[in-house]
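Residues per chain are reported as follows:
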Amino acid sequence: MAKLVILGSSNALSSKDSENTHMILVGEERIVMIDCVNNPVHRLQQIGVDFMDVTDLVLTHFHPDHVSGVPLLLMDMWLRGRKKLFTIYGLHYTLDRMEQLMRMYSWETWPNFFPVAFHRVPAVEKTSLFECEEFRISSSPVRHLIPTIGLRFDFKSSQSAVAYSCDTEPCAEVVRLAEGADVLIHEATGDATGHSSASQAGKVAAQAEVDKLYLIHYPTGEYTNGNLVAEASQYFQGKVELATDFLSLDLS
Ligand SMILES: [Zn+2]
């Protein structure tokens, strides 16, 4: 049974109880992390996933609040003696920089490093990234400060789908990505360039006609402000909730 677990729900200014936004899709056959921040191992321990069992990693964009944990994850996998392939998906812009970052760490000199495949994804709407028995993941470019992808997870047995906006201004690409999906997870950083407010997330959810909206990547801790659920609900009739750390969506 596949489930999507929110590992972090905060915007870039994270807090004690809310890590930067990242999540993981846990299936029988594949365990796919979506972004990787700070020390990724701790959050995985807390949900009972051994980081050695993660098979794939999708990077949405090359901002520190989404990719800062990748070098440490790779190093810890290497120290634990990983042998099996690890595949990282992302746009050319993202993966070129990730490879540069790893070269800064001289990772080619780390002895007996396990195979890592960089799977470059075109900035084209509804590109299929990955498919296994249980689910399919596809991506669309969205509108952030740097090249960024939003994602869609289609679960085969239940025929349910979840779309994730990632960091973006309100845009038609997310509406199309979420069309026919049950759930939209949309960012709600606030009214800023390259981001969306909760009201704007509500409008996008209404346009996409999803059943349920989860707000994510919102201000947390000392930066918490306003009633984001109420703001989004002004524009969207379906259910609205805050995605919080460790929220688990069972979808198969
Ligand atoms: Zn972000």
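Residues numbered from 1 in each chain as written. Predicted model: local features only at pLDDT ≥ 70, side-chain atom pairs only at ≥ 80, totals over all residues. Heavy atoms only, no water.

**Q** Honestly, the overall build of the protein chain in this entry has me stumped. Any pointers?
**A** Along the protein chain, the regular secondary structure elements total seven helices and 14 strands. On C-alpha atoms alone, the protein chain measures out to a radius of gyration of 17 Å, which is about the 18 Å that the 2.2 N^0.38 rule sets for 252 residues. Counting every atom, the protein chain has about 10600 Å² of accessible surface; 49% of that belongs to carbon and sulfur. Across the protein chain, the 20 positively charged side chains and the 32 negatively charged ones have centroids separated by 4 Å. (Helix = DSSP H or I, 4+ residues; strand = E, 2+ residues; numbered from the N terminus. Rg over C-alpha atoms; globule rule 2.2 N^0.38 Å. Areas by Shrake-Rupley, 256 points an atom, 1.4 Å probe, with all protein chains shown as cover. Lys, Arg positive; Asp, Glu negative; His and termini not counted. Charge placed at Lys NZ, Arg CZ, Asp CG, Glu CD.)

**Q** Explain helix α3 (residues 70-79) here, please?
**A** Each α-helix turn comprises 3.6 residues. Residues three or four places apart therefore point the same way. Buried within α3 are the following residues: Val-70, Pro-71, Leu-73, Leu-74, Asp-76 and Met-77. Just downstream of α3 lies Gly-81, where phi reads positive at about 85°. (Buried < 20%, exposed > 50% of the residue type's maximum accessible area, 1.4 Å probe, protein only.)

**Q** Looking at this model, I keep getting lost on the pairing of strand β8 (residues 135-141). Mind explaining?
**A** For a regular strand, the rule is simple: side chains alternate between the two faces of the sheet. Burial analysis of β8 places six of its seven residues in the buried class, the great majority of the element. Bridge analysis of strand β7 (residues 127-131) against β8 gives four bridges, and the strand direction is antiparallel. Each residue of the ladder has a partner; that of Thr-127, found in β8, is Ser-139. Here β8 pairs with strand β9 (residues 149-155) via seven bridges, running antiparallel. The residue bridging Ser-140 from the neighbouring strand is Gly-150, located in β9. (Pairing = 2+ DSSP bridges.)

**Q** Before we go on, may I ask you to explain the pattern of salt bridges in this structure?
**A** Side-chain pairs of opposite charge can arise where the charged atoms are in close proximity. Scanning the entire structure with this criterion turns up 12 salt bridges. Across the pair Asp-96 and Arg-120 runs a salt bridge, and its minimum N-O distance is 2.7 Å. Pair noted here: Asp-96 is in helix α4 (residues 92-104) and Arg-120 is in strand β6 (residues 116-121), with a separation of 24 residues, a long-range link. Since its relative accessible area comes to 34%, Asp-96 is described here as partly exposed. (Salt bridge = Lys/Arg side-chain N within 4 Å of Asp/Glu carboxyl O.)

**Q** Any chance you could explain the nonpolar core here in plain terms?
**A** Nonpolar side chains in soluble globular proteins generally cluster together in the buried interior. Grouped together as the largest cluster of nonpolar side chains are 31 residues, with contacts concentrated most on Leu-4, Phe-135, Ile-137, Leu-151, Phe-153, Tyr-164 and Ile-185. With four residues, β9 is the single largest residue contributor to this core. Leaving out residues up to four positions away in the same chain, Tyr-164 has contacts with Thr-21, Met-23, Ile-34, Thr-60, His-66, Gly-150, Leu-151, Phe-153, Leu-177, Ile-185 and Ile-216. Judged by nonpolar contacts, the second largest core, of 29 residues, contains Val-41, Leu-59, Leu-74 and Met-102. (Core = buried A, V, L, I, M, F, W, Y, C linked by side-chain atoms within 4.5 Å. Contact = heavy atoms within 4.5 Å.)

**Q** What is the right way to look at the environment of Val-26 in this model?
**A** Among the secondary structure elements, Val-26 is positioned in strand β2 (residues 22-26). Overall, the relative accessible area of 13% leaves Val-26 in the buried class. Placed 22 residues apart in sequence, Val-26 and Leu-4 show a C-alpha to C-alpha distance of 6.3 Å. With near-sequence residues (within four places) excluded, Val-26 lies in contact with Met-1, Ala-2, Lys-3, Ile-31 and Val-49.

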